[in-house]
Amino acid sequence: MPSDLVAGDLVWSKAKVKDEWWPCQKCDVPDGSNGTQDLTPHIKLADGEHCVFFFGTKNFGKVKLIEKFEDKFEEFSKKTKRKPFLNALADVELYQKGEPTGAPHDMESSSPGSKGKDTKAA
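What follows is about the packing of aromatic side chains. We describe a pair of aromatic rings using the distance from one ring centre to the other and the angle between the two ring planes. All told, the structure shown has 10 aromatic pairs when counted by the stated rule. With centroids separated by 5.5 Å and ring planes inclined at 75 degrees, the aromatic side chains of W22 and F85 adopt a geometry described as edge-to-face. Within this pair, whereas W22 is found in strand β2 (residues 22-27), its partner F85 is found in helix α2 (residues 83-96), the two being separated by 63 residues in sequence. Each member of the pair, W22 as well as F85, carries the same accessibility label: buried. What links up through ring pairs into an aromatic cluster is the set W12, W21, W22, F69, F73, F76 and F85.

Formed by 27 residues in total, the largest nonpolar core has its most connected members in W12, V52 and F55. At the level of elements, β1 (10-14), β2, β3 (50-54), α1 (69-76) and α2 are the ones that each hand at least two residues to this core. Top contributing element to this core by residue count: α2, with five residues.

Cut-offs used in this document
- Residues numbered from 1 in each chain as written.
- Predicted model: local features only at pLDDT ≥ 70, side-chain atom pairs only at ≥ 80, totals over all residues.
- Heavy atoms only, no water.
- Phe/Tyr/Trp six-rings, centres within 6.5 Å; stacked < 30°, edge-to-face > 60°.
- Helix = DSSP H or I, 4+ residues; strand = E, 2+ residues; numbered from the N terminus.
- Buried < 20%, exposed > 50% of the residue type's maximum accessible area, 1.4 Å probe, protein only.
- Core = buried A, V, L, I, M, F, W, Y, C linked by side-chain atoms within 4.5 Å.

Shape is all these values report; function is a separate question.
See below:
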């Protein structure tokens, strides 16, 4: 698992081993600033856990399994044709174009390599 990921990076994650990989944005636990709901009482991160924003569902969660988005795009993006998954990939494409998606770092500049990549999400 990559250790150089920072808040704002696009990633693939899954909550449990049996779950499918899902497109996400690594983020800090929302604390109520920037108009977000304060989730700090609900999301406590243990060692090795990451907070992520799930594209498509627009939910936040904590995960242990995480991979760099661009490194695994070809493999993970073709795993399923389910509509919620395809909608999530469409949200990633909007995010990469700088359009609003509800992701925590929509309006902020994010880390190098996380936005504006040539990777096509749909």
